[in-house]
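Per-entry structural report
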Protein chains: 2
Amino acid sequence: MEEKSISTEEKIKAAARTIFTRKGYAATKTRDIAEEAGMNLALLNYYFRSKEKLFSIVMAENLKKLFGILAPTLNDKSKSLDEKIAYIATSYIDMLFLNPDLPLFVLSELRQNPVWLRETLNVDAYVIGSHFMQQLQEKKKDINPIHFLMSFLGMLIFPFAARPILQGTAALTDEQYNQLMEERKKLIPIWLKCMLE
Amino acid sequence: MEEKSISTEEKIKAAARTIFTRKGYAATKTRDIAEEAGMNLALLNYYFRSKEKLFSIVMAENLKKLFGILAPTLNDKSKSLDEKIAYIATSYIDMLFLNPDLPLFVLSELRQNPVWLRETLNVDAYVIGSHFMQQLQEKKKDINPIHFLMSFLGMLIFPFAARPILQGTAALTDEQYNQLMEERKKLIPIWLKCMLE
DNA sequence: GTCTATAGAGGGATAGAC
DNA sequence: GTCTATCCCTCTATAGAC
């Protein structure tokens, strides 16, 4: 409620987001978060009741970031199928550039605790039942549109989830990796178009 | 060295594989492994020196399972590009059916500790420098073949990594999910062929 | 080889001074 | 609001009986 408190609370939340998202719930120590935030451990429990409470806030934010981008575009009836695909490919890769740890974090933690999905946002309505999925179904009547959604997201997300492996084994510099991801903004829509012919 | 010991040792290793692969290193308690193995906690440390030692064995096995399938086929010079793709799609999906937690486990743990890759198997030589990659390069001279590898693996792996989300949001029964994965054995090669035209 | 009991460290949470 | 000191539980690892 005080002036200072807002800044401190935000600092803790930012630190928690960083550490939790990078290491996951179990591997994260509250002491690490405090250190990252540049302050004492006791403040975590002063502002947020517990490690778990802090985590749930971070998780909700991350889920929103990961699905929030998707839902509005998927249901934008003014956009054609191709336009949706091109727009999502670009904006999703841009978002993943800024939040590279997000996909693996969400996939891992959600596997342990699938409850989150229902509680925070109802993805089923806005993703599975979206205008985008209807357009896919129309275009390819004999194939379940979920197939295309899985492939689309897989092509977008996998290179970020597997970045350490890719860079390690293919000996890619950061510049080379970044350039590849830039190229994918154009390539993935081309590929999807071809898959839908 | 005794007769009984082999069985017990294997039981522990199997339990460790299950729990570690499902929950990751940090979230796994040695007590859980002991319970899963149906025996006492002290036996873990009798057969394997520590939690970490046991983990490294499981990790090595999992890495081998995940990449071991790939390497021989990727370098089989008697197989055409299309044959390689078709064979890998089928065998990889079959393997993932049996080990659904494998990809997320390896991706997550490797992110924390990229050392593993170099130590256990040199993926760079057998995957990045494979005959498969050469074939891709020849077929599409103006596109980095890593793009196709990323998309191929993404399309194969993502549906398994995201299974809880998919099943939860799309309200898929296990049968429906399994059928989708079966369909992908044929669809993914068709899609890749089209991407390579 | 297998068990029970316990040592010892680490980490989440709180008390209480300022 | 912020800090130090500390409680207390959980978890890994080991000692020692059988």
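Higher on the page you've got the structure.
This text gives an overview of the structure that appears in the document. (Residues numbered from 1 in each chain as written. Chains lettered and ligands numbered in written order. Predicted model: local features only at pLDDT ≥ 70, side-chain atom pairs only at ≥ 80, totals over all residues. Heavy atoms only, no water.)

As for the overall build of chain A
- On a plain count of helices and strands, chain A comes out with 13 helices and zero strands.
- Along chain A, helices (α) and strands (β) appear in the sequence α-α-α-α-α-α-α-α-α-α-α-α-α when read from the amino end.
- Here the C-alpha coordinates of chain A stretch approximately 60 × 40 × 30 Å along the principal axes.
- Counting over 197 residues, chain A shows a buried share of 51%.
- Counted over contacts in chain A with a minimum sequence separation of 6, partners at least 24 positions apart contribute 67%.
- Surface accessibility of chain A: about 9500 Å² in total, with carbon and sulfur atoms responsible for 52%. (Helix = DSSP H or I, 4+ residues; strand = E, 2+ residues; numbered from the N terminus. Buried < 20%, exposed > 50% of the residue type's maximum accessible area, 1.4 Å probe, protein only. Contact = heavy atoms within 4.5 Å. Areas by Shrake-Rupley, 256 points an atom, 1.4 Å probe, with all protein chains shown as cover.)

Digging into the relation of the copies chain A and chain B
- Between the two copies, chain A and chain B, the superposition gives an RMSD of 0.1 Å; the rotation angle is 180° and the shift along the axis is 0.0 Å. One copy is carried onto the other by what is essentially a two-fold rotation axis. Closest approach to the rotation axis among the C-alpha atoms of chain A is made by glycine 154 of chain A, whose C-alpha sits 2.2 Å away.
- When the interface residues of chain A are mapped onto chain B, 98% of them are again interface residues, pointing to one common binding face. (Least-squares fit on C-alpha atoms with pLDDT ≥ 70 in both.)

Quick notes on the nonpolar core
- Counting 136 residues, the largest nonpolar core has Tyr92, Phe132 and Phe152 of chain A together with Tyr92, Phe132, Phe152 and Leu156 of chain B as its most contacted members.
- Discounting chain neighbours no more than four positions away, the residues touching tyrosine 92 of chain B are Leu66, Ile69, Leu70, Leu156 and Ile157 of chain B. (Core = buried A, V, L, I, M, F, W, Y, C linked by side-chain atoms within 4.5 Å.)

Some remarks on the state of the cysteines
- Summed over the entire model, instances satisfying the criterion amount to one disulfide over all chains.
- Bridging cysteine 194 of chain A to cysteine 194 of chain B, the disulfide has an S-S length of 1.5 Å. Of this pair, cysteine 194 of chain A sits in helix H13 (residues 174-195) while cysteine 194 of chain B sits in helix H13 (residues 174-195), which puts the two residues in different chains. (Disulfide = S-S within 2.5 Å.)

Regarding the layout of surface pockets
- Considering only enclosed or pocket space, the largest pocket measures out at about 1000 Å³ in volume.
- Around the largest pocket sit 39 residues that line it, and Lys23, Ala26 and Glu109 of chain A together with Lys23 and Ala27 of chain B are the ones nearest its centre.
- Of all the secondary structure elements, the ones that give two or more residues to the lining of the largest pocket are helix H1 (3-27), helix H4 (51-68) and helix H7 (102-112) of chain A together with helix H1 (3-23), helix H4 (51-68) and helix H7 (102-112) of chain B.
- If you tally residues by element for the lining of the largest pocket, the top one is H1 of chain A, at eight residues.
- Residue classes in the lining of the largest pocket are distributed as 15 nonpolar, 12 polar and 12 charged. (1 Å grid on protein atoms, 1.4 Å probe; cavity = no way out; pocket = protein on both sides within 12 Å on 5 of 7 lines; lining within 4 Å. Points joined across faces, edges and corners; volume = space filled by probe spheres on them. Nonpolar A, V, L, I, M, F, W, Y, C, P; charged D, E, K, R; others polar.)

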